[in-house]
Amino acid sequence: MLPGNSQFQRLSQADLSRSQFLQLAAAALVSFVGLPTSAAAAKNPELAQNSGAPVTKDAAASDRMGAILVSQFGPVKIHSYLSPTDGFHVNTQMIEGPTAVVIFDGQLLLPYAEEAASYVQTLGKPIDRIILSHGHTDHWGGLQVLTERFPDARVFALDGIADQVRARGPARLDGLRRTYGDKVATKVTIPTEIITEGVQRIDGVTYDFKRFVDGESELQLAALLPDQKVLMAFDLVFSPNQHPFTGANQFDHWMIVLEQLKALQGYDTIIIGHDTPVGRSAIDSTIDYVKRAKEIHAASANAKTYSENLRAAFPDLQQAGFVDLSASYLYAAPR
């Protein structure tokens, strides 16, 4: 459960059946890594509320395709833009300080990056910087929009992330265009600044940046906000309602990373890369999932068996497309 000083507001949403959701989620997953697929786009479904906090709808933004959640921590607000299903429920986090805003991650598709950019402009404060959490395309595909809308904002990432985006980006965008056409960026936006580990003050907000390797991705940033007791874990932690991506085949070390996050005391609000903020129990549920996925992988001879057994082990979780995508990576033929 989230602490009492955080209040979340759902500002827009649309309905989608579970069958439509699974079909589109699988398509979006396969597409963003550049594998062939075909699917139509759709507006966002009901977004899971993990906090149990009261939610209200913003009628003034009824045409917004994504959703906005706002969390108040004293003088600091965290605005989370969550994309619709075909955008893969990716979050763009906007940390509003006294005089400026820091943006984390840039969406998968251009229309949703446009919505995030338009929303942050309503806050009436300059963008101090944009920070990329890791090199998966669903987090940087829309950076083209953000850098065009906010040309003075520098793009930061951990040392090594820019090289990943530069090497893999063109092929990833080409794969996306086969499904999403002009919703996909026309160029790869590469971070130009390196963010270092440790404590930094940005617009009066204290961040403690941490670098993790071999988790859900090869290299990932996490950020602690010690004054607000918020852990921004991005894709290191997944919602208890959703399947994590396990295709990196780094089960053992990912569990070590999760234990390190679990050891961070007092951080009861966890901001994640997909879906709404979660409590500390999400770390345990992610550990449980990764451990079971490791066991199933060891006992499965092929992708089909892995997918079937993992789905059966967690029959109630959403975003089952992650399971199929993970399997396609885990059992890919050597190149």
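Heads up: the structure comes first, above all this text.
Here, residues in each chain are numbered from 1, in the same order as that chain's written sequence. Reporting in this predicted model follows two pLDDT cut-offs: at least 70 for local features of residues, and 80 or more for side-chain atom pairs to be given and counted; totals over whole chains, interfaces and linings ignore these cut-offs and use all residues. Side-chain numbers come from the whole structure's heavy atoms, not from hydrogens or water.

Account for the packing of aromatic side chains, naming residues and giving values.
Any two aromatic rings considered together are summarised by their centre-to-centre distance and by the angle between their planes. Two rings from Phe, Tyr or Trp (for Trp, the six-membered ring) form a pair when their centres sit within 6.5 Å of each other. Planes less than 30 degrees apart are called stacked, planes more than 60 degrees apart edge-to-face, and all others tilted. In this structure the tally under the stated criterion is 10 aromatic pairs. Measuring from centroid to centroid gives 6.1 Å for Phe104 and Tyr207, while their planes differ by 40 degrees, and the two rings are tilted. Remark: Tyr207 occurs in strand 9 (residues 205-213) and Phe104 occurs in strand 4 (residues 101-104); sequence separation between them is 103 residues. In this structure, Phe104 and Tyr207 share a single accessibility class: buried. With centroids separated by 6.0 Å and ring planes inclined at 40 degrees, the aromatic side chains of Phe245 and Phe322 adopt a geometry described as tilted. In this pair, Phe245 is assigned in the loop between strand 11 (230-234) and helix 6 (251-262) and Phe322 in helix 9 (residues 321-330), connecting sequence segments 77 residues apart. Across the pair, Phe322 and Phe245 agree in class, each one buried. Three or more aromatic residues link up through ring pairs in this structure, and these residues are Phe88, Phe238, Phe245, Trp254, Phe322 and Tyr329. Across the ring face of Phe156, the terminal group of Arg129 is positioned such that the distance to the ring centre comes to 4.7 Å. Seen from the ring of Tyr267, Lys229 lies directly overhead, with NZ or CZ sitting 5.5 Å from the centre. We count a stretch as a helix when DSSP gives it H or I for four or more residues in a row; a strand needs E for two or more, and each element gets its number in order from the N terminus. Throughout, exposure labels follow a simple rule: accessible area from a 1.4 Å probe, protein chains only, divided by the maximum for the residue type, with under 20% read as buried, over 50% as exposed, and the rest as partly exposed. Lysine and arginine charges are scored as sitting over a ring when NZ or CZ, respectively, is within 6 Å of the ring centre and within 35 degrees of the ring normal.

Which residues make up the pairing of strand 9, and what values go with them?
At least two DSSP bridges between two strands are required for those strands to pair. Bridge analysis of strand 8 (residues 198-202) against strand 9 gives five bridges, and the strand direction is antiparallel. Paired with Arg201 across the two strands is Thr206, which belongs to strand 9. Where strand 8 folds back on strand 9, the antiparallel hairpin that results is connected by two residues, among which Asp203 adopts a positive phi of roughly 55 degrees. Two elements, strand 9 and strand 10 (residues 219-225), share six bridges in a ladder whose sense is antiparallel. Looking across to strand 10, one finds that Phe212 is bridged to Gln220.

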